[in-house]
Every structure is written in C-alpha cells, then in structure tokens.
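Per-entry structural report
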Amino acid sequence: MYALEISQLKKTYDNGHEALKGIDLAVEEGDFFALLGPNGAGKSTAIGVISSLVNDSGGSIKVFGKDLSTERNLCKLDIGLVPQEINFNVFETPLNILTTQAGYYGVDRATATTRAEKYLKLLDLWDKRNGPAREMSGGMKRRLMIARALVHAPRLLILDEPTAGVDIEIRRSMWEFLEKINRDGTTIILTTHYLEEAETLCRNVAIIDKGVIVEQGAVEELLSRSMVQTFVLDLKDSATAAPTLTGFEVMSCEDKRLEVEVVIGQSLNGLFQQLQQQGFEVTSMRNKSNRLEEFFLRLVSKSEAA
Amino acid sequence: MNSPHASSRSIAAVNWVAFKTLVSKEIRRFTRIWVQTIVPPAVSAVLYMMIFGKLIGTRIGDMDGHPYINFVVPGIIMMAVITNSYSNAVSSFFGAKFQHHIEEMLIAPIHNWVILAGYVVGGVCRGLAVGALVAAVSLFFTRITVENPLITVMVVVLTSTLFALGGVINSVYAKSFDDISIIPNFVLTPLTYLGGIFYSVKLLPDFWYNISLLNPVLYMINGFRYGILGSSDFPLWWSFFVIAVFILVLAAIALHLMNKGVGIKS
C-alpha cells in the first residue's frame, strides 16, 4: 500500500502564483523518501496541502488509501508534521507542548505524558521539560518539533527541512533517530537542502522544480544515471596556466586548485598521467560535491536553461 | 516503537479529548499570567465602586428603587465579564496565529467547531473568573442578595459566550496587534458604558432613550441586573432574545470563516 499517493495536485495562490502545476507522487509504506528542490520549487506548498495547512486548487491526495478530501480527519490522524519554521508556543514548557499536541489527536493525558517522557528522553530534551521553550537552543527547538510530531504515533512523518541551522553533531544524532523510527515502521518524507542527508537516509527521491516533478525514483537508480562527476585536485605548486587534458574537461584552475569533470567509469590513470607529463603534482583529491548533489544541480540547471 | 498507531482512535473520541485539552490549555494560559488577566479588572472595579458607588453614589440616592451602589454593582460585574471574555478569545486566538502555533490544531483531526468551542469556553471561563472576583470585591462595599441565581448565571454565561465569539471573529480578521484593540476600544467600551451600567435608561430624554434601545449590551446588563436585583428596564425575555440571536449569528459567522480558512490558511 502507498503511504501517500498524490495525483495531479495543483495549487495557485490568490496572487496568481502557480506553486504546484499538477504533481504526481507515490510513497510506499515504510519508505524513507526525499522530496528535493530549490527554494520556491513547491516543496513546502506540497507539504502544506498534504497536512491541511494550505487549501489545494485541484487534484487528489490519498493517505494510506484514504482520500484526504472526503476523510480528512482520518488522514490527519496518520500524519505527523515537522514544519520548516518553529511554530510552537514558546511560552509553554516542552512537556506541555507535547501533551497538548497529543491531546489534539485524542491521546488521553496519562498516555500523552508517558509518550512525552519517552520522546523527550530519546531526543535528549528531558532536562528541559519544565522550562520555557523560548530558552532552548535552535537545535533543541528542532528536536522538540520532531518529538511533538511523533507524540500521537503517526504512520507517516513529514519533515520539512528538520535539520536547517543545526550543527553537524546534532544533525547526525537526528539522522540516527530518524533511521530508527523508520526501521520501526514509520514512513518518512523528508525535504532538505543538505543533499548528503537525503543520500544517506533516503531510499527513494523526487525532485520538484517550478511546481513540477522533474525526476522520481530510487536514489541508487538516479545516481547510476548521473553520467559525470567533478573532482577537486589540490596541487603542490600554483598553476600558471590550466593543463590541457585529452578526454577530461577542466572546469576551473585557480592557484593550487584544479577542478576536472570525469565521465562515470572513465579511468583516472590517464588523468594523472597527463597531469604528470605537464608538470602538475597532485597532493590530494576529493569529490566536489556528493553524487546526489551533483545530479540535483545538473537537473535543476538543465530545467532553468529550458 | 511499540505505540499503537493513531488511526485506531475514533474521530468523535478524538474531538472530545481535543476539546478538553484546548479548554485546559486556555485556562492554563490566563491563569499563568493572572497578574495581567485577573487582577486589573478587580482593581478597576474597586475604583468604580469607590468613586461611583460610595463617593458620588451617596449623593445620588436611589436608582430604580435600589441604593445607587447596589444599582451599579451588576453593571460593573457585567462590564468585567464582557471585556474579559472578549479579550481572552481575541488575544489567545490572535497569539496562536501570530506565533503560528494555531497550526498545531489545524493539522490535527479536530472539527473547526471544536476549535471554536474551545476558544469560546476559554473566554467564558476567564469572564466568569473575573466576574466572580469582582462580585467578591463588591461585598466590601455593599451587601447584595441574588434574587434569581439561575437567571443570573444564565445571563452571564450566555453573554460571555457571545463576546468570546466576537473575540474569535475579531482575531480571525486581525493582521496585527493594533487590529485586536480597535474593536474593544472603539466599539465595545462605548457600548458597555452607554449600556446602562451607571444609570437607568428610563432617565434619558426620548431621543437618547430610543438610541439606547439599539445597544445590545443594554439588554445584557439589564438581564443580569434582573437576576441580581429583581428589577430591569425591560422584560427579561428581551434580554434572552437579543443574546440568543447574537450568539447564533456570531457562531455562524465564526464557523463559516474557520471553514473557509479565512486568516488562518493560504
């Protein structure tokens, strides 16, 4: 069964801006799914419509087989949302924020308190449970929003840039937590600007741009279609001129840094041989960006050019 | 995670728990900031009773067959109830919009009428709490026995319901904090002061008497005064009729606005 099935979803705002131009999307139950796209592509609008914060202008949405337009409240029971912006009452305590949210989903007070304790402990917020939420750090507030989204035990968790502005250590602990709840059966849809995050966590991905899904499929399958990758080579000495390479494209050459585009599967031996012949000594080498990021950038720039 | 998933719960049961949660959240909100919400109306009431009831009132004599202090006390209590039930709903709902935590309710499986009822009951609770405090304070100035307790309670609960509904509608349209103070300052206060708190409208010249009849607050204050003192400028059913009509109209408007998502959804 699909956890989420979207068909021809459209949204035109009152100012005439067409944020979604009829998108189709299917997320399998149990999946860890990435919805990627540049700023203003329509990701947050799509999430807003799915979570009933934004009225749609056409199309249909099914959540675990139930139609959102006719069984909205039943669908809502199955969805947990972590929005992009902090949106809890900052004057409340984390414990109250969680138990109140659980109450909105019909969870009785005793169960809500038990679950709040569980998630506050899992997300390392238990010590802060009785202080005002406004006094927490940015990373804590993000984790509190994850705990809040889970407190009614949803089957589908939607995270809209949950790790934005969070340091790498906390980000990685959040990844581990999300992987765990996904393993335990919760379907997750993630939007993020950290493509490394999507590549690490997600099995399937859809890329949206200008209100249209431009690519959709398994992460591995999409990456296998990525034809080239860019390597950054650090040189021992400053280059006075860019090397002339046969079979490889030099993207840039500045001081001691050289960027070369390599077709997937192409041997790097020829590259090093040519560089050596022209007097360049390479001290280190790395990918310019992760593979998904490279694929994403090419796709988006192609769409812009079109 | 061993938690049973959410969809096993029935929507009716969910909404009942959600309603109780929302009401308790509203009560927690105004009691947490009691210095801002509960105390000021009591202080104002003391001043009104001291100045109009004791200092000036002793020179006025009787009004409608009652000592002046006894005449003004029901109006002063009602003024506190009206102001506080309105301002609780308007400030809480607008605060939720402003900080976006209204989204916590909008994404939850709660009917819009349950959200509306939660905010209205929250407003009524604050109105009644403040009304009870002002009534208690009035005992320092006079001894009044309530003639018709049931009518008194009915009028005060229905009136605070009406004004809490008005507060929600105001906050739905409000885009800034200025927008939530315009109605209380420029509509509610004049209507309340001219609603017969300090005088019987029978004393007014015909022209002003007839103008006063258009003021709905007049009937609420007189209904409440009837409950406490047993006398009113109008038949009691006028009061209940006016309050009921306003409640029905305002509830319909508020629910329509929420169903359309005006001011709360894109």
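Definitions and cut-offs
- Residue indices begin from 1 for each chain and proceed along its sequence in written order.
- Here every chain gets a letter starting at A, and every ligand a number starting at 1, in the order they are written.
- In keeping with the model being predicted, local features are shown solely for residues with a pLDDT of at least 70 and side-chain atom pairs are shown and tallied solely at 80 or more, while totals for entire chains, interfaces and linings include all residues.
- The side-chain figures draw on all heavy atoms in the structure; neither hydrogens nor water molecules are used.
- Each helix is a run of DSSP H or I of at least 4 residues and each strand a run of E of at least 2, with the numbering of both proceeding from the N terminus.
- For the exposure calls, accessible area comes from a 1.4 Å probe over protein chains only, and a residue counts as buried if that area is under 20% of its type's maximum, exposed if over 50%, partly exposed in between.
- In what follows, a contact means two residues having at least one pair of non-hydrogen atoms within 4.5 Å.
- We get accessible surface area from the Shrake-Rupley algorithm with a probe of 1.4 Å; when it comes to residues, only the shown protein chains can shield them.
- In this tally, Asp and Glu contribute negative charge and Lys and Arg positive charge; neither His nor the terminal groups of the chain are included.
- Positions of charges follow a simple convention, taking NZ of Lys, CZ of Arg, CG of Asp or CD of Glu.
- An expected span of 1.5 Å times one less than the residue number is assigned to each helix.
- Here a polar contact is recorded for every N or O atom pair within 3.5 Å, except that within protein the pair must consist of a potential hydrogen donor and a potential acceptor, and residues adjacent in sequence are included only if both atoms are side-chain atoms.
- Accessible area, probed at 1.4 Å, shrinks when two parts are joined; the buried area is that loss added up over both.
- A side-chain nitrogen of Lys or Arg and a carboxyl oxygen of Asp or Glu constitute a salt bridge if their distance falls within 4 Å.
- Three classes are used: nonpolar for Ala, Val, Leu, Ile, Met, Phe, Trp, Tyr, Cys and Pro, charged for Asp, Glu, Lys and Arg, and polar for all others, with Gly counted as polar.
- In summary, the pairing rule links any two rings of Phe, Tyr or Trp, Trp by its six-membered ring, whose centres are within 6.5 Å, and it sorts them by plane angle into stacked for under 30 degrees, edge-to-face for over 60 and tilted for everything else.
- Geometrically, a charge over a ring is one whose NZ (Lys) or CZ (Arg) sits within 6 Å of the ring centre while staying within 35 degrees of the ring normal.

**Quick notes on the overall build of chain A**
The number of helices and strands found in chain A is 10 helices and 14 strands. Principal axes of the C-alpha set define a box for chain A whose edges measure 75 × 45 × 35 Å. Burial analysis of chain A (306 residues in total) assigns 53% to the buried set. Intrachain contacts of chain A at a sequence separation of at least 6 include 69% that bridge at least 24 residues. When the accessible surface of chain A is split by element, carbon and sulfur atoms take 47% of a total near 13,300 Å². Both charge centroids of chain A, one from 35 positive and one from 43 negative side chains, sit 5 Å from each other.

**Quick look at helix α11 (residues 216–229) of chain B**
Residue and element names in this part refer to chain B. The end-to-end C-alpha distance of α11, which contains 14 residues, comes to 20 Å, matching closely the 20 Å that a straight helix rising 1.5 Å per residue would cover. Among the 14 residues of α11, 13 are classified as buried, and the element is accordingly described as predominantly covered. The N-cap residue of α11 is N215: its side-chain oxygen and the backbone nitrogen of V217 are 3.0 Å apart.

**Some thoughts on the interface of chain B and chain A**
The partner chain A presents 42 residues to the 32 residues of chain B that form the contact. Across the chain B to chain A interface the summed buried area is about 3,500 Å²; carbon plus sulfur atoms make up 52%. Run the count over chain B and chain A and you get three salt bridges. A salt bridge links A:E92 to B:R28, with the shortest nitrogen-to-oxygen separation between them at 3.1 Å. Remark: the boundary between chain B and chain A carries 12 residue pairs in polar contact (both at pLDDT 80 or more). Residue contributions to the side of chain B that touches chain A peak at nine residues, all from helix α1 (residues 11–32) of chain B. Across the side of chain B that touches chain A, the residue classes break down as 14 nonpolar, 10 polar and eight charged.

**Structural notes on the packing of aromatic side chains**
Within the structure shown, the criterion is met by 17 aromatic pairs over all chains. Ring geometry for B:F98 versus B:F177: centroids 4.9 Å apart, planes at 65 degrees, classification edge-to-face. With B:F98 in helix α5 (residues 68–98) and B:F177 in the loop between α8 (149–173) and α9 (179–193), this residue pair connects regions lying 79 residues apart in the sequence. Residue B:F177 is classed as partly exposed on the basis of its relative accessible area of 47%. Chaining the aromatic ring pairs together yields one cluster made of B:Y219, B:F234, B:W237, B:W238 and B:F241. The ring centre of A:F64 lies 3.9 Å from the NZ or CZ of A:R155, which sits over that ring. Residue placement shows B:R225 over the ring face of B:F71; its charged tip is 3.7 Å from the ring centre.

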